[in-house]
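# Structural description and commentary
Okay, here's what each chain looks like letter by letter:
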Amino acid sequence: MSDEREARRAWFEQACVGLHDRYATLQEGEPASYIPELADVDPDRFAIAAMTVQGERIGVGDCDHEFTIQSISKLLLYGLALETHGRDRVLERVGVAPTGDAFNAIELDDATNRAPNPMVNAGAIAITDMVAGASVDERVETMRALYERYLGRTPTIDRDVWASERETGNRNRAIAYLMLSRGIVDDRVEETLDLYFAQCSVLVTAHDLALIGATIANHGVHPVTAEQVVPREVTRDMLTVALTCGMYDYAGEWAFSVGIPAKSGVGGGILGMLPGVGGIATFSPRLDPIGNSVRGLRVFEELSRHFDLHLFDPDRPWTR
Ligand code: DON
């Protein structure tokens, strides 16, 4: 690494250490509890991780602590659907509208008969329905293989969270059956829901999320193995919906104030992607009422402001 790059890395790391110190005492928000097993986390865990598209890595705090990926999975499965079926077929079922409603809203687009937003539950379940395979086991394998491409290891599914999601997921069931009645999903609804609950229950760390972010930010090329994990043109669509829809009903404020394509999950993770530069991830399970990590929002806001990381910032640095 050149001296200049090393100096930048150290500068960024120092800022992350400072933010970690500052926000580690912030006690606002509560871990998600609408799924009983999700409440069973240490609320004070806190991590900030980053990886550049060249594979340089930093991490502060609990970066190796595992938590469930939850809604961040929606972005990866969206990429898989685009790759497998192409943009037109995906757009027939699911739109790209930042709906501004809660992640579990029961809302379909009557005019187009689609789930409007791919980054909240209805759209994501319709996307999961598109995972190919003759049986549920085969489809779970397809999903696992997707994670494996990003993570470089077989992902572990938290079986207790998976079971808890299945037991308490009646609102998702209602959404899925409504979509069946409208012909948006196929009639293997329980199987698809099981797969959706499994994809949410995959365990990741903050380092994993930073790596996933760096891969997508690197136009789909894994920064360490140089493998093309997801097609180049698909990352454009993934980044676009992350910017417009990735933070639930906070997406507009996020795009305005932070301006980093991102996806959050109720497990406490936020995955941010800086196209051409790298990935940033935070983990802290205390959530605001919308479902975004409170400490995570603060860290991203400050990093964006301090380092001019907003996508449309005229001084956006580090793109070379
Ligand atoms: O209840 C669900 O659908 C979750 N397993 C997904 C959770 C999440 O992170 C918020 N959803 N968009």
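Owing to the predicted nature of the structure, the values given are computational and were not obtained by experimental measurement.

Tracing the backbone shows Gly-100 in the loop between α3 (87-93) and α4 (121-129). Given the relative accessible area of 46%, Gly-100 is considered partly exposed.

Moving on, we get to the environment of Glu-148. As for its position among the elements, Glu-148 is in helix α5 (residues 136-151). We classify Glu-148 as partly exposed; its relative accessible area is 36%. Considered as a pair, Glu-148 and Val-229 are 81 residues apart in the sequence and their alpha carbons are 9.6 Å apart. Once you skip the residues sitting within four places of it in the chain, Glu-148 turns out to touch Arg-153, Thr-154 and Pro-155.

Let us look at the packing of helix α2 (residues 72-85) against helix α10 (residues 232-245). At their nearest, the axes of α2 and α10 sit 9 Å apart, and the two run at 145 degrees to each other. Read as a crossing pair, α2 and α10 show a hand that is right-handed. Mapping the contact onto sequence places Leu-75, Leu-76, Tyr-78, Gly-79, Leu-82 and Glu-83 in α2 and Val-234, Asp-237, Met-238, Val-241 and Ala-242 in α10. Residues belonging to the contact of α2 with α10 are distributed by class as follows: eight nonpolar, one polar and two charged.

Turning next to the site of the ligand. Lining the immediate environment of the ligand, one finds 14 residues, of which Gln-70, Ser-71, Lys-74, Glu-165 and Tyr-196 sit closest. The side chain of Ser-71 places a nitrogen or oxygen atom 2.4 Å from a nitrogen atom of the ligand. In this structure, Tyr-248 approaches the ligand through a side-chain N or O atom, which is 3.2 Å from an oxygen atom. Computed on the free molecule, the ligand has an accessible area of 340 Å², of which 98% lies beneath the protein chains in the complex. When grouped by side-chain class, the residues that make up the shell around the ligand number seven nonpolar, five polar and two charged.

Evaluation of the coordinates by the stated rule reveals 23 salt bridges. We note a salt bridge from Arg-22 to Glu-302, for which the minimum N-O separation is 2.9 Å. With Arg-22 in helix α1 (residues 3-23) and Glu-302 in helix α12 (residues 294-307), this pair connects stretches of sequence that are 280 residues apart. Across the salt bridge formed by Asp-110 and Arg-182, the nearest N and O atoms sit 3.0 Å from each other. On the criterion of sequence distance, the pair formed by Asp-110 in the loop between α3 and α4 and Arg-182 in the loop between α7 (170-181) and α8 (189-200) is long-range, its members being 72 residues apart. Using a relative accessible area of 63% as the deciding quantity, one classes Asp-110 as exposed. A relative accessible area of 27% means that Arg-182 is categorised as partly exposed.

Rules behind the numbers
- Residues numbered from 1 in each chain as written.
- Predicted model: local features only at pLDDT ≥ 70, side-chain atom pairs only at ≥ 80, totals over all residues.
- Heavy atoms only, no water.
- Helix = DSSP H or I, 4+ residues; strand = E, 2+ residues; numbered from the N terminus.
- Buried < 20%, exposed > 50% of the residue type's maximum accessible area, 1.4 Å probe, protein only.
- Contact = heavy atoms within 4.5 Å.
- Axes fitted to C-alpha atoms, helices over the stretch in contact; angles between N-to-C directions.
- Left-handed = near helix turned anticlockwise from the far one by under 90°.
- Nonpolar A, V, L, I, M, F, W, Y, C, P; charged D, E, K, R; others polar.
- Near = heavy atom within 4 Å.
- Polar contact = N/O pair within 3.5 Å; in protein donor to acceptor, adjacent residues only side chain to side chain.
- Areas by Shrake-Rupley, 256 points an atom, 1.4 Å probe, with all protein chains shown as cover.
- Salt bridge = Lys/Arg side-chain N within 4 Å of Asp/Glu carboxyl O.

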